[in-house]
Amino acid sequence: MISCKNISKKYKKVQALNDISFEVKPGEIFGLIGPDGAGKTSLFRILTTLILADEGFASVDGLDVVKDYKLIRERVGYMPGRFSLYQDLSVEENLNFFATVFNTTVEENYELVKDIYQQIEPFKTRKAGKLSGGMKQKLALSCALIHKPTVLFLDEPTTGVDPVSRKEFWGMLKNLQQQGITILVSTPYMDEASLCDRIALIQKGRFLTIDSPQKVADSFQKTLLSVSAENMSKLLTDLRAISEVESCFAFGDSHHITLKDPTSTHKQENWGPQKKNINDIDLTINNLKMMLEAKNHINVVIKKIKPGIEDCFMELSKNNL
Amino acid sequence: MKKVIEVENLTKAFGRFKAVDQISFEVEKGEIFGFLGANGAGKTTAMRMLCGLSIPTSGKAIVAGYDIRTQPEMIKKNIGYMSQKFALYEDLSVAENIRFYAGIYQVPEIEIAPRTLELLNRLGLENEKDSLVKALPLGWKQKLAFSVAIFHHPGIVFLDEPTGGVDPVTRRQFWEMIYEATDSGITVFVTTHYMDEAEYCDRVSIMVDGKIAALDTPANLKKKFEANNMDEVFYRLARNASRKAD
């Protein structure tokens, strides 16, 4: 449904997108996960025919983004990151306007937007500029949907939105998916990755990986441990001082650490046996615990854990400096 | 323990709508206080009052030793403020931004040069002092923005979603900087939508429909709501909000 081949885009000295290739299948929710400045918006703008790539080819719904830009614009829905509706038109005026621009009527496609629009319908005479963040978001989504697009582009629809409203928004996306709409959505929130069918982790204009969230997590090569103790701030410093610890970052109520590959370090006296066996990890955990207790940490809890998307992002981004 | 913020029955009404409805809490010196809530719960309105930008309808609050109702100008001089949306002027250099904020916050002229030098040294930005802020990597920008917000040595700094949209590593480095700052005695009042960051706070309050629905240490909140993490605590409190997201 969306196809990108070797797309690059440069703004003066800044390489916004660097050789991006990927495909989005029909009916898929595909997530672009990455921080501000990663290139997400540039990619959206190329695919919605608003800017031209310097290199590469892209097509949307079988149409070329350069040659067939007019046809693409009729078929796709685009919700930009910045609120882009008419602030001084009312809620219903905005919706009518977008319906008219796309040669349709609100009535014709009401079924599609009904669930979302009904939530803001009580305020339909209010000016869009006077709406709260959550209501603006729902109106923008309704306007992007009113011409029944085949592909929906959502650029950071949940940024700055609280966790409860974010969950609701993703519920709405799942409903739209059921109605056959293909969705490309970007987000800086790593926890939303698991709600997508497939994701691309993006940083500094490059894709770090493309796969299903599960497979991205499974591809994490290293042993990941969570460590907690009474004094979390001191624990962070002490963990980093241990030579066998490769990376250590705070993750909510615990710290996540990865260990250096023992075969690649010379200093192994205090460390577990070199031979990999099932007890290896238990030995490592015990050693680590003793080292921390020797530094006066109390209530030390160390567990082997499964990595999340954020762990993967941090690991993969190390190689993309 | 010395109180840096004391809030009693603070209320802000717009017509019949009570954006903030009789909230009361205290923040101690050196504390990292997390101020959470759903969109529309009243966080921004409450924060504006605490920063001396909005006069309460009723109730009172003392911030950094000054009354928000009668001494708002003194509060503005004695607090720091930073948000992800607005922090530094991109088209000014590092040194110009520091000079600008030093002036805004009325840092004594004689203090500006030595403090600027100290700040540049601490952040390792000596060679970048004449670079435009927009040319800096995001991580450096964030550190600079925070350092500028506390350049005038305020007793408390308000951080309004300081890490929104920031990559995972930079986000964590930012929190490590917050920890360092609190070691020197500054109090931090912070809002965030990242629930893992709520865990880094000494205490957390969660606003729902204009009221403070819960206030305690993250550990106690998790115990009380039988939750595994702060995300679950937040979800339990905020999902029944009547005015969420509008």
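Reading the values: rules and limits
- Residues numbered from 1 in each chain as written.
- Chains lettered and ligands numbered in written order.
- Predicted model: local features only at pLDDT ≥ 70, side-chain atom pairs only at ≥ 80, totals over all residues.
- Heavy atoms only, no water.
- Helix = DSSP H or I, 4+ residues; strand = E, 2+ residues; numbered from the N terminus.
- Buried < 20%, exposed > 50% of the residue type's maximum accessible area, 1.4 Å probe, protein only.
- Lys, Arg positive; Asp, Glu negative; His and termini not counted.
- Charge placed at Lys NZ, Arg CZ, Asp CG, Glu CD.
- Contact = heavy atoms within 4.5 Å.
- Buried area = accessible area lost by both parts, 1.4 Å probe.
- Salt bridge = Lys/Arg side-chain N within 4 Å of Asp/Glu carboxyl O.
- Nonpolar A, V, L, I, M, F, W, Y, C, P; charged D, E, K, R; others polar.
- Disulfide = S-S within 2.5 Å.
- Polar contact = N/O pair within 3.5 Å; in protein donor to acceptor, adjacent residues only side chain to side chain.

Novice: Sorry if this is basic, but what is going on with the overall build of chain B here?
Specialist: Each helix and strand counted, chain B has 9 helices and 10 strands in total. Considered along the principal axes of its C-alpha atoms, chain B spans approximately 50 × 40 × 35 Å. In chain B, which comprises 246 residues, the proportion classed as buried is 54%. Taken as two groups, the 31 positive and 33 negative side-chain charges of chain B have centres that lie 6 Å from each other.

Novice: Sorry, what's going on with the interface of chain A and chain B here?
Specialist: Interfaces are often described in size by the accessible area the parts lose on coming together. Listed by partner, the interface residues are 28 residues for chain A and 31 residues for chain B. Around 2,500 Å² of area is buried between chain A and chain B when both sides are counted, 59% of it from carbon and sulfur atoms. The largest per-residue losses of area from chain A upon contact with chain B belong to Asp162(A), Pro163(A) and Val164(A), which jointly make up 20% of the total buried on that side. On inspection of chain A and its partner chain B, the count reaches 5 salt bridges. Arg240(A) is the partner of Glu176(B) in a salt bridge, and the nearest nitrogen-oxygen pair spans 2.9 Å. When residues of the side of chain A that touches chain B are traced back to their parent elements, those giving at least two are helix H5 (133–145), helix H6 (163–178), helix H8 (232–241), strand S12 (245–251) and helix H10 (309–317) of chain A. Broken down by element, the residue count for the side of chain A that touches chain B peaks at 6 residues, all from H6(A). Tallied by class, the residues present in the side of chain A that touches chain B amount to 14 nonpolar, 6 polar and 8 charged.

Novice: When you look at the state of the cysteines in this model, what are you seeing that I'm missing?
Specialist: Two cysteines form a disulfide when their sulfur atoms are joined by a covalent bond. Summed over the entire model, instances satisfying the criterion amount to 0 disulfides over all chains. A disulfide-free cysteine, Cys4(A) has its sulfur positioned 17 Å from the sulfur of Cys196(A), the nearest such atom.

Novice: Looking at this model, I keep getting lost on the side chain of Asp61(A). Mind explaining?
Specialist: Residues and elements named next belong to chain A. Tracing the chain through its elements places Asp 61 in the loop between strand S4 (55–60) and strand S5 (63–64). There is a polar contact of 2.9 Å between the side chain of Asp 61 and the side chain of Thr 150. Setting aside residues no more than four positions away along its own chain, Asp 61 makes contact with Met 1, Arg 75 and Thr 150.

Novice: How do you make sense of the environment of Ser233(A) when you look at a structure like this?
Specialist: Relative to the helices and strands, Ser233(A) is located in helix H8. Sequence spacing of Ser233(A) and Cys248(A) is 15 residues, and the spatial spacing of their C-alpha atoms is 12 Å.

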